[in-house]
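One-letter residues, chain by chain:
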Amino acid sequence: RIVSNVLCRPLDSCAGVSMRLLTITGLLVLGLLASSTAVAEDMTGKARVVDAANLQVGDSWVRLYGIDAPRVEQTCTASGVIWHCGRQALMALSNLVYGRLVTCEVRNWDRFARGVAVCRAGDVELNREMVRQGWALADRQSSPDYVQAEEDARRREAGLWMGDFAAPRDRREN
């Protein structure tokens, strides 16, 4: 019997070779995974806005960590008038990144293989600024980082808070 170009006569010697090969292969795979994760932890480049909480930075897809923003098709009501708050939120994020390099620090990865990240355009932290302007809510399930910014936006009736809206999370679940 041949295992990895090594002729094994007794069965016991093949088991030892197989186990060593499995161990070496496993360590190589772990090393590759660790190095690819380390390389992908920070992303910098021009960003394309997908919606109010998602960017494409280079070839990588990124979801803004700790915020919950409306989808493009979401509508809201202000003074009895229906308006496209999802589009407005997308435009707000577009204005923040326009003409700037964006740097994202990946905190984790979601089920869609997007990096979940805190992103900056120059000195502006995009996650916090979207909540501060009222175009996103603090995602209290993932982080308390932006709760104060949300409370300030609500008090000022900024962005989504100028009228009535369904929380983006509630809209996705229904």
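For clarity, every value in this text was computed on a predicted model and none was experimentally measured. (Residues numbered from 1 in each chain as written. Predicted model: local features only at pLDDT ≥ 70, side-chain atom pairs only at ≥ 80, totals over all residues. Heavy atoms only, no water.)

Draft legend 1. Highlighting the pattern of salt bridges. For the structure shown, the criterion picks out nine salt bridges. The salt bridge partner of Arg-120 is Glu-125, with a shortest N-O separation of 4.0 Å. Among the ionic pairs, Glu-129 bridges to Arg-132, the shortest N-O distance being 2.7 Å. Of the two residues, Glu-129 and Arg-132 both sit in helix H3 (residues 126–132), three residues apart, roughly one turn of that helix. Within the structure, one salt-bridge network assembled from shared partners comprises Arg-63, Asp-110 and Arg-114. (Salt bridge = Lys/Arg side-chain N within 4 Å of Asp/Glu carboxyl O. Helix = DSSP H or I, 4+ residues; strand = E, 2+ residues; numbered from the N terminus.)

Draft legend 2. Up close: the nonpolar core. Counting residues in hydrophobic clusters, the biggest one holds 39 residues, and the most contacted among them are Leu-55, Leu-93, Val-102, Cys-119, Leu-126 and Met-130. It is helix H2 (residues 85–97) that contributes the most residues to this core, seven residues altogether. Once you skip the residues sitting within four places of it in the chain, Cys-119 turns out to touch Leu-55, Val-62, Leu-64, Val-102, Thr-103, Cys-104, Val-124, Glu-125, Leu-126 and Asn-127. (Core = buried A, V, L, I, M, F, W, Y, C linked by side-chain atoms within 4.5 Å. Buried < 20%, exposed > 50% of the residue type's maximum accessible area, 1.4 Å probe, protein only. Contact = heavy atoms within 4.5 Å.)

By themselves these figures say nothing about function.
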